[in-house]
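# A structural walkthrough
Single-letter residue listing:
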Amino acid sequence: MANNLLKGKRGIIFGALNDMSIAWKVAERAHEEGAEFVLTNAPIAMRMGAINDLAEKTGSIVIPADATSVEDLEKLIQEAMDHLGGKIDFILHSIGMSPNVRKKKHYTDINYNYYNQTLDVSAGSLHKILATAQKMDALNEWGSVVALTYIAAQRIFPDYNDMADAKSLLESITRSFGYHYGIKKKVRVNTISQSPTVTTAGQGIKGFDEFINFSEQMSPLGNASAVACADYCISMFSDLTRYVTMQNLFHDGGFSNTGVTQQVIERFGSED
Ligand SMILES: NC(=O)c1ccc[n+]([C@@H]2O[C@H](COP(=O)([O-])OP(=O)(O)OC[C@H]3O[C@@H](n4cnc5c(N)ncnc54)[C@H](O)[C@@H]3O)[C@@H](O)[C@H]2O)c1
C-alpha cells in the first residue's frame, strides 16, 4: 500500500532496536513511501547489530547517538543533513527506558538517580532533539516531529511505574515546544499514544502479557499493531496532516474512550 506519501522527504528515525521495535516498522513504511532517512540509536544498542540489517534493507545509514547528549545530537543532525543533502522534514522519537522498571523498583520506593535517567532518556531527550534542531535551523517549514507515548500519562496503570511520569512530561514538552517551533518555523510536534505492543521495551513492564489481553478486550477495534502505528506515523509525516500540531493522538482501537466493554463485563458474571 505505497502511495509515495513521503517522496522527497528527509528524516531521522530514533529507536529501531530490532524487528519488533515500532521505529523499525516506521522505517520500513517510510522507505516504502519514498522517504530518505538516517537511522539512529544509543551506541550501546548498536552492539546488537540488528539495526545494520534495517539500514541495508531501507538504503539508509546508521549514526549512533545517545539522545540525552546534546553533543551527540548536534553531530547526528549535522551528519544527517550532510548525508541526505538538505534540511530534515520529519523526526520520529521512539525512545523509552526506565532503570526503575528494569530493576523492579516499586513506584513508591524508586531510586532518584534512576528516576532522573528515566525522565532524561524518555522525555528530556525530545526537548534536546527539538532545541538542537531549532538552534541548527535543521528542520524545513511544515516539518513534522512525532514522539510515541502511552495513556499512563493520563490514567494510572500501576506497573507502568515512573514511565507514566516520563510520558506526562513528554506530552507537555510536545505542547510547549510545538507552540514555539510552530510560531517560529511552522514545524509541528505531536505524540501518538499507542496501544500496548509486544516489543523489547513493552515486555519490560510487569504483567505485560495479561495486560495486553485486557487492553485487547477493552478496545472496540482491538489493540493497534506496531505496523498500524507505523502507518499513522507516516500520515503524520506527510503533507496530508499539515495543520495537526501540539496534539496527543490516541492510536489505540478506541481504548481511551471506553469505560467498559461487554466482553469484560461478562468475565465478572456470577457462575449460576
Ligand atoms: N511497546 C509498547 O507497548 C508501547 C506502547 C506505547 C508507547 N510505546 C513507546 O514507543 C516507543 C518505542 O518503544 P518500543 O516499544 O518500540 O520498544 P524498543 O525497546 O524497541 O524501543 C525503545 C528504544 O529506545 C532506545 N533508547 C533507549 N535509551 C536511549 C538513549 N539514551 N538514546 C537513544 N535511544 C535510546 C532503545 O535502544 C530502543 O531502540 C517508546 O517511547 C515506548 O515508550 C511503546
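Residues numbered from 1 in each chain as written. Predicted model: local features only at pLDDT ≥ 70, side-chain atom pairs only at ≥ 80, totals over all residues.

The protein chain is annotated in an unreviewed UniProt entry as Enoyl-[acyl-carrier-protein] reductase [NADH] from Lishizhenia tianjinensis. Turning to the protein chain, the UniProt annotation filed under Pathway (unreviewed entry) states: "Lipid metabolism; fatty acid biosynthesis." (UniProt positions renumbered as here; feature names shortened; annotations may be inferred.)

## Notes on the confidence of the model for the protein chain
Looking at the protein chain as a whole, its pLDDT mean stands at 96, while 99% of the residues score no less than 70. When the elements of the protein chain are averaged for pLDDT, helix 8 (residues 200-203) gives the smallest value, 77, and strand 6 (residues 188-194) the largest, 99. (pLDDT = per-residue confidence, 0-100. Helix = DSSP H or I, 4+ residues; strand = E, 2+ residues; numbered from the N terminus.)

## Here's the deal with the sheet that holds strand 4 (residues 88-93)
Strands sit in the order 3-2-1-4-5-6-7 across an open sheet of seven strands; the sheet is parallel. Looking at which strands have only one partner, the edges of the open sheet turn out to be strand 3 (61-62) and strand 7 (248-251). Pairing geometry for strand 1 (residues 10-14) and strand 2 (residues 36-40), over five bridges, is parallel. Pairing of R10 across the sheet is with E36, part of strand 2. Lying over the sheet, helix 7 (residues 163-185) contacts strand 5 (139-149), strand 6 and strand 7, oriented at roughly 155° with respect to strand 6. (Pairing = 2+ DSSP bridges. Contact = placed C-beta atoms within 7 Å. Axes fitted to C-alpha atoms, helices over the stretch in contact; angles between N-to-C directions.)

## Points about the nonpolar core
Residues I13, A16, A23, V26, A27 and C233 are the most contacted members of the largest nonpolar core, which totals 69 residues. With sequence-adjacent residues up to four places away left out, V26 is seen in contact with I13, L92, A230 and C233. (Core = buried A, V, L, I, M, F, W, Y, C linked by C-beta atoms within 7 Å. Buried ≥ 20, exposed ≤ 12 C-beta atoms within 10 Å, placed from the backbone.)

## Quick notes on the packing of helix 6 (residues 112-135) against helix 7
For any two helices packed against each other, one specifies the inter-axial angle together with the distance between the axes. Viewed as axis vectors pointing N to C, helix 6 and helix 7 meet at an angle of 15°, and their least axial separation amounts to 7 Å. Taken together, the axes of helix 6 and helix 7 are roughly parallel relative to one another. As for the relative orientation of helix 6 and helix 7, their crossing is right-handed in sense. Along its contact with helix 6, which presents T118, L119, S122, A123, L126, H127, L130 and Q134, the element helix 7 presents M163, D165, A166, L169, L170, I173, F177 and Y181. Considering only residue class, the contact of helix 6 with helix 7 consists of eleven nonpolar, four polar and one charged. (Parallel < 35°, antiparallel > 145°, perpendicular 65-115°, else oblique. Left-handed = near helix turned anticlockwise from the far one by under 90°. Nonpolar A, V, L, I, M, F, W, Y, C, P; charged D, E, K, R; others polar.)

## Describing the UniProt feature "binding site: NAD(+)" (unreviewed entry) in the protein chain
If you check UniProt for "binding site: NAD(+)" (unreviewed entry), the listed places come out as G15, S21, I22, I95 and K167 in our numbering. In this fold, I22 is placed in helix 1 (residues 22-32). Among all residues touching I22, those that are not within four sequence positions of it are S94, L148, Q194, T197, T199, A226, C229 and A230. Along the polypeptide, I95 turns up in the loop between strand 4 and helix 5 (99-102). According to the C-beta neighbour criterion, I95 is buried, with 23 such atoms within 10 Å. If sequence neighbours within four positions are ignored, I95 has contacts with F14, G15, A67, V121, S122 and S125.

## Focus on the UniProt feature "active site" (unreviewed entry) in the protein chain
Those places that UniProt annotates as "active site" (unreviewed entry) correspond, in this numbering, to Y150 and Y160. Looking at where Y150 falls in the secondary structure, it is placed in the loop between strand 5 and helix 7. When sequence neighbours within four positions are dropped, the list of residues in contact with Y150 reads Y160, K167, S193 and Q194. As for its placement among the helices and strands, Y160 is situated in the loop between strand 5 and helix 7. For Y160, a count of 23 C-beta atoms within 10 Å translates into the label buried. Setting aside residues no more than four positions away along its own chain, Y160 makes contact with Y150, A152 and I205.

## With respect to the pairing of strand 5
Across the eleven residues that make up strand 5, a large majority, eight, are buried. Bridge count between strand 4 and strand 5: five bridges; the pairing is parallel. Paired with F90 across the two strands is S144, which belongs to strand 5. When strand 5 meets strand 6, the two strands line up parallel, connected through six bridges.

## Concerning the site of the ligand
By nearness alone, 27 residues border the ligand, and S21, G96, T199, A201 and G202 come closest of all. Put simply, the parts of the chain that give the shell around the ligand at least two residues each are helix 1, strand 5 and helix 8. Looking at side-chain class alone, the shell around the ligand contains 14 nonpolar, twelve polar and one charged residues. (Near = placed C-beta within 6 Å.)

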